[in-house]
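For reference, the chains in residue letters:
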Amino acid sequence: IVPWFWLPSTPLIVALLAAEYVLFILYSVPPLRLKARGIWGPVADALYGYVVTQIVAALVFAKFVGVTPPIPFLVALVIWTFCFGFGNILLHQLIDETRDREDGIPTFVVQRGWSIGFDIALDIVTGATLVSFVGLMIVQGMSNPLVPTGFAAYLACLLAWWTQHGIWHTPWIKRLPR
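In this text the structure is predicted, and so the values were computed from the model without any measurement.

Colleague: Just checking my understanding: could you explain a nonpolar patch on the surface for this structure?
Modeller: A contiguous nonpolar surface patch, about 1,000 Å² in accessible area, is contributed by Ile-1, Val-2, Phe-5, Trp-6, Phe-61, Phe-64, Val-65 and Val-67. Following the sequence through the fold, Val-65 ends up in helix α2 (residues 40–65).

Colleague: Where do I start with the environment of Leu-155 in this structure?
Modeller: Summarising the element assignment, Leu-155 is placed in helix α6 (residues 146–165). Take Leu-155: its relative accessible area is 32%, and that puts it in the partly exposed class. A C-alpha to C-alpha distance of 34 Å links Leu-155 and Tyr-27, two positions 128 residues apart in sequence.

Colleague: Looking at this model, I keep getting lost on the pattern of salt bridges. Mind explaining?
Modeller: Think of it this way: side chains of opposite charge can pair up when their charged atoms draw near. Counted under the stated rule, the structure contains 2 salt bridges. A salt bridge links Glu-97 to Arg-101; the shortest N-O distance between them is 2.7 Å. In this pair, Glu-97 and Arg-101 both sit in helix α3 (residues 71–103), 4 residues apart, roughly one turn of the helix. Looking at Arg-101, the relative accessible area reads 44%, which means it is partly exposed. Put simply, Arg-99 and Asp-103 hold a salt bridge, and the shortest N to O gap is 3.4 Å. With Arg-99 and Asp-103 both in helix α3, this residue pair falls 4 residues apart, about one helical turn.

Colleague: Mind showing me how you'd approach helix α5 (residues 114–143) here?
Modeller: Each turn of an α-helix holds 3.6 residues, which means side chains three or four residues apart point in the same direction. Between the first and last C-alpha of α5 there are 42 Å, a value that for 30 residues agrees with the 44 Å anticipated at 1.5 Å per step. Within α5, the axis deviates most sharply at Val-125, by approximately 35°.

How each quantity is defined
- Residues numbered from 1 in each chain as written.
- Predicted model: local features only at pLDDT ≥ 70, side-chain atom pairs only at ≥ 80, totals over all residues.
- Heavy atoms only, no water.
- Patch = residues over 30% accessible without salt bridge, like charges linked within 9 Å, V, L, I, M, F, W, Y side chains within 5 Å.
- Areas by Shrake-Rupley, 256 points an atom, 1.4 Å probe, with all protein chains shown as cover.
- Salt bridge = Lys/Arg side-chain N within 4 Å of Asp/Glu carboxyl O.
- Helix = DSSP H or I, 4+ residues; strand = E, 2+ residues; numbered from the N terminus.
- Buried < 20%, exposed > 50% of the residue type's maximum accessible area, 1.4 Å probe, protein only.
- Expected span 1.5 Å × (residues − 1).
- Bend = angle between axes of the 7 residues up to and from the residue.

Okay, here's the thing in structure tokens:
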């Protein structure tokens, strides 16, 4: 709360901050507890954990410099952060699947099964996240070509590091399905 005494705010920013806390409560607190409501859990988590926070950050920093973020940027940011957040919560549910099943928490992955959850994360969410990120880079590149150029340089360094130290060099990787 303290930073909001000096950070710029608008009624929209305040409403988004309130929505973030409401979504978090709806996700985790019974009786609604969206975490245990199948697909609604990952949707709520992606919204409160990624989408709302990034939109608030974009709006706050735009207000700092006295501009309005372009709608195409906001749309691309919402799509990408949603896909990214959805993928991250699926990953957490995959990791927690055995414990959630034992505890009787019917998360999306518990309801669908680990293999289907893994396939959705790998085949659908990963592709959607990559495509939406490329869309975000295209939108950003229209106003500042250094953004996608910088990301391409970062990606080249990251891929070089992964080649030497990445997940494919760990012994447990051979235990995962395809």
